[in-house]
Amino acid sequence: MQKFTSVHDVDDLGQLVAKVLSFKQNPFQPELASGKKVGLIFLNPSLRTRLSSQIAARNLGAEAIVLDIGKDGWALEFEDGAVMNGDKAEHIKEAAGVMGRYFDVMGVRTFPELKSREDDYSEKLMNAFIKYAGIPILSLESGTRHPLQSLADLVTIQEQWKGTGRPKVVLTWAPHIKALPQAVPNSFAEWMKVADVDFSIANPKGYNLADEFTAGVEVIHNQEEALKAADFVYVKNWSSYEEYGQILSKDESWTFGEKQLGWTNNAKIMHCLPVRRGLVIKDEILDGPNAIHLEQAENRVYSAQAVIHSLLNQ
Ligand code: SN0
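Residues numbered from 1 in each chain as written. Predicted model: local features only at pLDDT ≥ 70, side-chain atom pairs only at ≥ 80, totals over all residues. Heavy atoms only, no water.

## Some remarks on the sheet that holds strand β9 (residues 218-220)
Phase 1 of the analysis: Read across the open sheet, the five strands follow the order β9-β8-β7-β10-β11; overall the sheet is parallel. Either end of the sheet is taken by a strand with one partner, and the two such strands are β9 and β11 (268-270). Strand-to-strand twist of the sheet, defined as the mean angle between neighbouring strand axes without regard to direction, takes the value 25°. (Pairing = 2+ DSSP bridges. Helix = DSSP H or I, 4+ residues; strand = E, 2+ residues; numbered from the N terminus. Axes fitted to C-alpha atoms, helices over the stretch in contact; angles between N-to-C directions.)

Next up, the structure:
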């Protein structure tokens, strides 16, 4: 694997999932990447991604070096040919070029600005890091995707599925007060499409995700109908892709609670976190036996470990 920015970068998904599960069985193997340096560069906030990647590096014997570039670094210019007479002190060509010489592998987190769909969906920032660092890059969430989360989600579904045949997995939109990225739902859809599951999406009108992620997936605008017989429900808010970055609805009848759970096949309930309790998912669900959000978060460590190890051993 040369880079890890989407499911399309994965050569053999079955093998990667097996590697995650094997690290879960036996996490501490410091001889595997002893002396290696893993750069973790954050342009945006993080809790799980930062901690799980640091622990993953440590489990492999590598050192994780974290830079909150959005807070502690120079303001970065990404425009090619810019005359830098404004507030940006350093060009990505030098910033990424230098980091590429310091690290063996580098993780990057960038959020979309949710202003221009073209800018966000061109992945300008992530692609600039890939181009100018010259070392393997690992997405810690980008404008359009969150592949480490999706890998952990897939592993969690595989671990938790006790039935026979393919589980029914539904991604459902839920309300929020802020305009959030489509990265997590895009990425989840992209991974579920290639996984051995029956996958569909429930969202209000105006909230359909981009075709490049959901082509061929059934999208249902009635939440009750969509959740019928679901074995796994992934609850997530996202802002509109169609009316880009807009909040078109705050309809709390979509907040996931006991009523919604009752429409499912006693489904396991998933969320990538952070979750706003009471608004996105009700306490009765998060504190109940169906919630597996902490299992997902735990699997982030072994997912990052498998990916970092793969990128260091091309
Ligand atoms: C991010 C998102 O992409 O939806 C991170 C997910 C891993 N979530 C948020 O930014 C939530 C912020 C909030 O205020 O609730």
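## Focus: the site of the ligand
Phase 1 of the analysis: All residues in the neighbourhood of the ligand are listed as Glu141, His146, His176, Lys178, Leu180, Pro181, Lys236, Leu273, Pro274 and Arg276.
Phase 2 of the analysis: Within the side chain of Glu141, a nitrogen or oxygen atom sits 2.9 Å from an oxygen atom of the ligand.
Phase 3 of the analysis: Contact between the ligand and Arg276: an oxygen atom at 2.5 Å from a side-chain N or O atom of the residue.
Phase 4 of the analysis: Calculation on the ligand without its partners gives an accessible area of 410 Å², and the protein chains cover 86% of this total.
Phase 5 of the analysis: Looking at the shell around the ligand residue by residue, the classes come out as four nonpolar, two polar and four charged. (Near = heavy atom within 4 Å. Polar contact = N/O pair within 3.5 Å; in protein donor to acceptor, adjacent residues only side chain to side chain. Areas by Shrake-Rupley, 256 points an atom, 1.4 Å probe, with all protein chains shown as cover. Nonpolar A, V, L, I, M, F, W, Y, C, P; charged D, E, K, R; others polar.)

## Things to note about the pattern of salt bridges
Think of it this way: side chains of opposite charge can pair up when their charged atoms draw near.
Phase 1 of the analysis: What the rule picks out here adds up to 13 salt bridges.
Phase 2 of the analysis: Across the pair Asp196 and Arg166 runs a salt bridge, and its minimum N-O distance is 2.8 Å. With Asp196 in the loop between α8 (183-194) and β8 (198-202) and Arg166 in the loop between α7 (147-160) and β7 (168-173), the pair connects residues that are 30 residues apart, well separated along the chain.
Phase 3 of the analysis: Taking relative accessible area as the criterion, Asp196 reaches 56% and is therefore assigned exposed.
Phase 4 of the analysis: Classification of Arg166 by relative accessible area gives partly exposed; the value is 40%.
Phase 5 of the analysis: Here the salt bridges share partners, and the residues they tie into one network are Arg50, Asp68 and Lys71. (Salt bridge = Lys/Arg side-chain N within 4 Å of Asp/Glu carboxyl O. Buried < 20%, exposed > 50% of the residue type's maximum accessible area, 1.4 Å probe, protein only.)

## What about the packing of helix α1 (residues 13-25) against helix α13 (residues 293-312)?
Phase 1 of the analysis: Relative to each other, α1 and α13 sit at 120°, their axes nearing to 8 Å. Crossing angle aside, the handedness with which α1 passes α13 is right-handed. The residues of α13 that touch α1, namely those facing Leu16, Lys19, Val20, Phe23 and Lys24, are Glu298, Asn299, Tyr302, Ser303, Gln305, Ala306, Val307, His309 and Ser310.
Phase 2 of the analysis: Here the residues of the contact of α1 with α13 sort into six nonpolar, five polar and three charged. (Left-handed = near helix turned anticlockwise from the far one by under 90°. Contact = heavy atoms within 4.5 Å.)

## With respect to the side chain of Thr156
Phase 1 of the analysis: Mapping Thr156 onto the fold places it in helix α7.
Phase 2 of the analysis: Residue class for Thr156 comes out buried when judged on its relative accessible area of 0%.
Phase 3 of the analysis: Separated by 2.6 Å, the side chain of Thr156 and the backbone oxygen of Ala152 make a polar contact.
Phase 4 of the analysis: Those residues within four positions of Thr156 in sequence are excluded, and the remaining contacts are Met270, Ile292, Glu295, Gln296 and Asn299.

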